[in-house]
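Secondary and tertiary structure notes
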Amino acid sequence: MSPVNSNSGIDSPTPGQPQLEEASTVVSAGREVSVYMQNQSPFLCLPYDTKSMIIRYLGFREITRLAKVCRHLRDLVENDKALERAWFRRFPSPHQYQLKAMITRKDEQQLRDWLAPFADEDTVESLLKQRESTYFPAQLLFTNSKLKSQCKTFSLVEKAEINHFNRISTATFSADSRHVVTASWDHKLKIYGQENGGTWEEKNTITHSGAVKSASFSSDGLHVLATGYDKTVTIYSQADNGSWEAKATIPDVNNVKSVTFIADGCRLMTVGPGHTVKFFGQGDNGSWELEDTIYHTSPVNSARFSVDESLLAIHDIYAVITIYGKGADGSWVGKAAIQDLQIAIADISGDNCHVVTSSWDGSAKIYSQKASASWQETACISHFRWLTSANFSADCLHVVITSDDNTAKISGLQADGSWQEEASIPHKGRVVSVTFSADGRFVVTASEDGTAKVFGLQTDGAWLEKATIRHKNGVLSADFSPDDRYVVTISDNYIARITELWKDDDDRMNVTRRPPQVGCLLF
């Protein structure tokens, strides 16, 4: 093919003989393009398997553009599920595993219920017919995420109200999104479960020895880890009859600042006391024993794992973030240190390439790992007051920072490696927390103004408000379920609510279930 002045145009070759049609000189993107038609396109003449293998090396944006070139390439992308697979590849491997597990744990009816809020009946049945396909999880997740993104607004359906007699500390979903556990200062943990058909019912109430600071499920959903303000750490396990019983306590927890499940739920990490971060493993007899200890140079404030748990960011009282990695002998070794006297917290991106720190001075800094393994500052995002949280999206393409100035700011990673602010979410009160959805296309904020706002990423890169969940009192936290179907919010009036997201009536086509009422929920 002869040289051209710009990008060549390819127009609708037939699969039997992919050949460029004759055309005169045309103008494309403001530039003159000459196309010579006597030669075939070498790429289009390749065997299908070869073309399929080639496009798998392209990124999501490149495949999106490729599908717009001509009918033959569009069909190739569609038949090969190239777009869905490229979208799925953007997630780090551990997150891909979690997403696949979330899909495979649902039976056919549960998948129908999950898709119903945003897909019409024909789309649901068409997708389920391909359940045996290797790429079914990627296709299902991509389609559901795309349909949600296309909705102008969401309708909100209240599924459950969880009441306590004192402040609720945390409300957390299980990995399969079918259970929620709440922890309260009233010494209670409550577990709610989803029934077939979408209703939520209370399954158990667990009485702890004191006010409960936090509670979370193990990855298999069979254990609940509860930490108390009385310095107790208890693991509750589900018995054969469905009840929950205290099965183990963790020793040496005086002055421990936090305890979290890691890996497959068979290991725990404790932060503190003093200079230590400790790891406990479950033995054959069910007891929890100390396996490893990191002795940090200074007293530890917090510690946060990367998604694949190969890196650990430790924040100490001297405002130093030390990034630990595994040495050749398997021990934890300090790899790098980031120091800023105003650092409050830090988060590691899922691909281990970026660290974001939030500071008391109102600035969030993003550090990126270079080829030399050093970490260099690549962005600084400013607010007017101190910051309250900073988190990366699962696909590592966005970061969201919340501030005491009543805003949350979303910044996106650009092609040149820089970070650019894309949206500012305003509230009338302090933004306490913000969380990305599992697909990275939505965020939900929690504010002391009594609202939780859901914003979604559009195809043009804009972030638009999709729904507002309202409480009578301030909202202490808001989180998506792992399957992005629900939002759980905690109110300052001792109430937690589980809310389901639905396509708004204005967008609804042929959803067979009864449409929910449109509008904000006012509790």
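Residues numbered from 1 in each chain as written. Predicted model: local features only at pLDDT ≥ 70, side-chain atom pairs only at ≥ 80, totals over all residues. Heavy atoms only, no water.

Quick word on the overall build of the protein
For the protein, the helix and strand inventory stands at eight helices and 35 strands. By residue count, 52% of the 523 residues in the protein fall in the buried class. When contacts within the protein are restricted to residue pairs at least 6 apart in sequence, those whose partners lie at least 24 apart make up 44%. (Helix = DSSP H or I, 4+ residues; strand = E, 2+ residues; numbered from the N terminus. Buried < 20%, exposed > 50% of the residue type's maximum accessible area, 1.4 Å probe, protein only. Contact = heavy atoms within 4.5 Å.)

Let's talk about the side chain of Asp 404
Mapped onto the secondary structure, Asp 404 falls in the loop between strand S25 (398-403) and strand S26 (407-413). A polar contact of 2.9 Å, which involves the side chain of Asp 404, links it to the side chain of Arg 385. (Polar contact = N/O pair within 3.5 Å; in protein donor to acceptor, adjacent residues only side chain to side chain.)

Regarding the environment of Cys 380
Checked against the element boundaries, Cys 380 lands in strand S23 (residues 375-382). C-alpha of Cys 380 to C-alpha of Val 356: the two residues are 24 residues apart in sequence and 9.4 Å apart in space.

As for helix H3 (residues 71-79)
Along H3, the residues that are buried comprise His 72, Leu 73, Leu 76 and Val 77. Each buried residue of H3 lies within a common arc of 135 degrees when the element is viewed along its axis, so the set occupies one face. Buried residues along H3 sit in contact with helix H1 (48-55), helix H2 (60-66) and helix H4 (82-89). Just downstream of H3, Lys 81 is the residue with a positive phi angle, here 50 degrees. (Arc of directions from axis to C-beta.)

A look at the pattern of salt bridges
Evaluated as defined, the whole model comprises 18 salt bridges. Between Arg 56 and Asp 80 there is a salt bridge; the shortest N-O distance is 3.6 Å. Residue Arg 56 is found in the loop between H1 and H2, and its partner Asp 80 is found in the loop between H3 and H4; the two are separated by 24 residues along the sequence. The class for Asp 80 is buried, based on a relative accessible area of 7%. (Salt bridge = Lys/Arg side-chain N within 4 Å of Asp/Glu carboxyl O.)

Description of the side chain of Thr 276
Here Thr 276 is to be found in strand S14 (residues 276-282). What Thr 276 contacts, discounting residues up to four positions off in sequence, is Thr 270, Val 271, Thr 293, Ile 294, Tyr 295 and Val 300.

Structural notes on the sheet that holds strand S34 (residues 495-503)
The pairing of strands in a sheet comes from backbone hydrogen bonds and takes either a parallel or an antiparallel form. Strand order in the open sheet formed by four strands is S3-S34-S33-S32, with antiparallel pairing between adjacent strands. At either end of the open sheet lies a strand with only one pairing partner, and these are strand S3 (154-163) and strand S32 (475-480). The mean inter-strand angle of the sheet, taken between neighbouring strand axes irrespective of direction, is 20 degrees. Bridge analysis of S3 against S34 gives nine bridges, and the strand direction is antiparallel. Within S34, the position partnered with Phe 154 by the bridge is Lys 503. (Pairing = 2+ DSSP bridges. Axes fitted to C-alpha atoms, helices over the stretch in contact; angles between N-to-C directions.)

Let's talk about the pairing of strand S5 (residues 179-184)
With five of six residues buried, S5 is to be regarded as a mostly interior element. Sheet topology note: the strand S4 (residues 168-173)/S5 ladder contains five bridges and is antiparallel. Paired with Ile 168 across the strands is Ser 184, a residue of S5. Adjacent in sequence and paired antiparallel, S4 and S5 are bridged by five residues, among which Ser 177 carries a positive phi angle near 70 degrees. The sheet contact formed by S5 and strand S6 (residues 188-194) spans five bridges and is antiparallel. By the bridge assignment, Ala 183 is partnered in S6 with Leu 189. Here S5 hands over to S6 after three residues, with His 187 in that stretch at a positive phi of 75 degrees.

Thoughts on the environment of Ser 433
Relative to the assigned elements, Ser 433 resides in strand S28 (residues 431-436). For the pair formed by Ser 433 and Ser 389, sequence separation is 44 residues and the distance between their alpha carbons is 6.3 Å. Once you skip the residues sitting within four places of it in the chain, Ser 433 turns out to touch Ser 389, Thr 402, Val 444, Thr 445, Ala 446, Leu 476, Ser 477 and Ala 478.

What to know about the sheet that holds S4
In spatial order, the strands read S4-S5-S6-S7; together these four strands make up an open sheet with antiparallel pairing. At either end of the open sheet lies a strand with only one pairing partner, and these are S4 and strand S7 (200-207). Across the sheet, the axes of successive neighbouring strands diverge by a mean angle of 15 degrees, strand direction being ignored.

With respect to unusual backbone geometry
Backbone phi values are negative for most residues with the exception of glycine, while trans is the configuration of most peptide bonds. Note that the residue after Gly 272, namely Pro 273, is joined by a cis bond; omega there is 5 degrees. One can find Pro 273 in the loop between strand S13 (267-271) and S14. A positive phi angle, near 70 degrees, is found at Lys 231, a position not held by glycine. Residue placement: Lys 231 occurs in the loop between strand S9 (223-228) and strand S10 (233-238). Under the relative-accessibility criterion, Lys 231 is labelled partly exposed at 42%. In the Ramachandran plot, Glu 309 falls in the positive-phi region, its phi being about 65 degrees despite a non-glycine side chain. Looking at Glu 309, the relative accessible area reads 26%, which means it is partly exposed.

Some remarks on the nonpolar core
With 48 residues, the main nonpolar core has Ile 103, Trp 114, Leu 140, Leu 141 and Phe 154 as its most contacted residues. In terms of residue count, helix H8 (residues 136-150) provides more of this core than any other element does, six residues in total. Apart from residues lying up to four places away in sequence, Trp 114 is in contact with Met 102, Ile 103, Lys 106, Leu 140, Leu 141, Asn 144, Asp 483 and Arg 485. Of all hydrophobic cores here, the second largest spans 14 residues; its members include Ala 171, Tyr 486, Ala 496 and Ile 498. (Core = buried A, V, L, I, M, F, W, Y, C linked by side-chain atoms within 4.5 Å.)

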